[in-house]
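# Coordinate analysis (summary)
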Amino acid sequence: MAIDVETKDCTAVTDAELAEMADMCADGPNPFSVGLLSKQTEEWVLISTARENGKLRGFSFSTLERIGGTPSVLVGLASVARTSKRSTVLRQITEAQLHRALMAFPDEDVLMGTQFDNPGGFDTFKPLVDIVPRPGHKASGEERAWGRRLAKRFHISASRYLDRDFRVVGNDNQACLLDYETAKPDSIAPEVVALFDKVDRGGGDTMIAFGWIMAENLLKYA
């Protein structure tokens, strides 16, 4: 069956939809509660949902805004069901977000940022370039500054964010991350896996990452 993706304002999310989201991720490593999901509708502008034959397979809260004048797609709490089509679900949700970015920021390069806790999360950045962090790349001062800006936007205190590692140290609160795991972990390059050596997933750590899509490449999402 085809995957159907819908993006709408968070103000239009119903209690039934929130319950459906909570049910979808209840058995995964990040079981987001209805209460936490409801809070996201107040903190983010857009919600994208992906359905297969009417059944929810993934969702993502996001917003389009300028950070210091730079056009940005910020992805907040998100989750993709662990089905055989998970990569397709993630790709189509990302494409829907990039389509919105094109509508909001035509003829401009756009930054996309989020946080996740395992190497599979980089799958969402496949359309992007100049991804940070990345293997073999020493982040510049400006790139580390971008990490700090995103951490602040994600309501992460400076004391918990280690800007040289792009790592968020976990605390007692559940992280509002992109909850995704690739179905083919063995296909991930060892050097990408190594980026997460210091990320204590069980302790609630996450990594903040971002990349760019150039204006000419964004046109394909019209």
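It should be emphasised that the depicted structure is a prediction, and the values quoted were computed from it without experimental measurement.

## Considering empty space enclosed by the protein
Throughout the structure, instances matching the rule amount to two cavities of 30 Å³ or more. Considered as a void within the structure, the largest cavity measures approximately 70 Å³ in volume. Together, 13 residues line the largest cavity, and Val75, Leu90, Gln97, Thr124 and Leu178 are the ones closest to its centre. Counting residues per element, the ones that place at least two in the lining of the largest cavity are strand 4 (70-80), helix 3 (86-104) and strand 5 (110-116). No other element matches the four residues that helix 3 contributes to the lining of the largest cavity. In terms of residue class, the lining of the largest cavity is built from eight nonpolar, five polar and no charged.

## Side note on the side chain of Asp205
Residue placement: Asp205 occurs in the loop between helix 5 (190-194) and strand 10 (206-213). Only 2.8 Å separates the side chain of Asp205 from the backbone nitrogen of Gly170, close enough to count as a polar contact. With residues up to four places along the chain from it excluded, the contact list for Asp205 reads Asp117, Arg167, Val168, Val169, Gly170, Lys198, Val199 and Asp200.

## Side note on helix 4 (residues 141-153)
Under the 1.5 Å per step criterion, the end-to-end length of helix 4 is 18 Å for 13 residues, consistent within 8% with the ideal 18 Å. Just beyond helix 4, the residue with positive phi is His155, at close to 60 degrees.

## Here's the deal with unusual backbone geometry
Of the consecutive residues Val132 and Pro133, the connecting peptide bond is found in the cis state with omega at -5 degrees. In the Ramachandran plot, Asp107 falls in the positive-phi region, its phi being about 65 degrees despite a non-glycine side chain. Topologically, Asp107 is positioned in the loop between helix 3 and strand 5. When its relative accessible area of 68% is taken as the criterion, Asp107 is described as exposed. A positive phi is found at Phe166, a non-glycine position, where the angle reads about 55 degrees. Position of Phe166 relative to the elements: it lies in the loop between strand 7 (161-162) and strand 8 (167-168). Under the relative-accessibility criterion, Phe166 is labelled buried at 2%.

## Section: the environment of Val75
Position of Val75 among the secondary structure elements: in strand 4. Look at Val75 and you get buried, because its relative accessible area is 7%. For Val75 and Thr114, which are 39 residues apart along the polypeptide, the C-alpha to C-alpha distance reads 5.0 Å. Once you skip the residues sitting within four places of it in the chain, Val75 turns out to touch Trp44, Ser60, Phe61, Ser62, Gln97, Met112, Gly113, Thr114 and Phe154.

## Overview of the nonpolar core
The biggest cluster of nonpolar side chains holds 65 residues, and the ones touching the most others in it are Met21, Leu37, Phe59, Phe61 and Phe122. If we ignore the near neighbours within four places in the chain, the residues touching Met21 are Val13, Leu37, Ile47, Thr49, Leu56, Phe59 and Phe61.

## Here's the deal with the layout of surface pockets
Gaps left between atoms are located by rolling a probe of water-molecule size over the structure's atoms. As a volume, the largest pocket reaches approximately 390 Å³. The wall of the largest pocket is formed by 21 residues, among which Phe154, His155, Gln174, Ala175 and Cys176 lie closest to the centre. Elements with a minimum of two residues in the lining of the largest pocket: helix 2 (34-43) and strand 4. Per element, the largest residue contribution to the lining of the largest pocket is four residues, and it comes from helix 2. The residue makeup of the lining of the largest pocket, split by class, is eight nonpolar, 10 polar and three charged. Its volume calculated, the second largest pocket comes out at about 300 Å³. Lining the second largest pocket we find 16 residues, and of these Pro133, Arg164, Asp165, Phe166 and Leu195 sit closest to its centre. Of the residues assigned to the lining of the second largest pocket, the class counts are seven nonpolar, one polar and eight charged.

Cut-offs used in this document
- What you see as residue numbers is a count from 1 along each chain, following the sequence as written.
- pLDDT decides what is reported in this predicted model: residues at 70 or higher carry local features, side-chain atom pairs at 80 or more are listed and counted, and totals for whole chains, interfaces and linings draw on all residues regardless.
- Hydrogens and water are ignored here; the side-chain numbers use all heavy atoms of the structure.
- Only protein atoms enter the 1 Å grid used here, on which a cavity is any set of points holding a 1.4 Å probe that cannot leave and a pocket is any open set flanked by protein within 12 Å on both sides along at least five of seven lines; residues with an atom within 4 Å of a point are listed as lining.
- Grid points are joined across faces, edges and corners, and a volume is the space filled by probe spheres set on the points.
- Working definition: helices are DSSP H or I runs of at least four residues, strands are E runs of at least two. Numbering for both runs from the N terminus.
- Residues are sorted three ways: Asp, Glu, Lys and Arg are charged, Ala, Val, Leu, Ile, Met, Phe, Trp, Tyr, Cys and Pro are nonpolar, and all the rest, Gly among them, are polar.
- Identification of polar contacts relies on pairs of N or O atoms within 3.5 Å, with a donor-acceptor requirement for protein atoms, meaning one able to donate a hydrogen and the other able to accept it, and with residues adjacent in sequence counted only if both atoms are side-chain atoms.
- Two residues form a contact once any of their heavy atoms are found within 4.5 Å.
- Expected helix span is computed as 1.5 Å times (number of residues minus one).
- We call a residue buried when its accessible area falls under 20% of the maximum for its residue type, exposed when it is over 50%, and partly exposed in between, using a 1.4 Å probe and counting protein chains only.
- The nonpolar core is taken to be a set of buried Ala, Val, Leu, Ile, Met, Phe, Trp, Tyr and Cys residues, with the residues joined through side-chain atoms within 4.5 Å.

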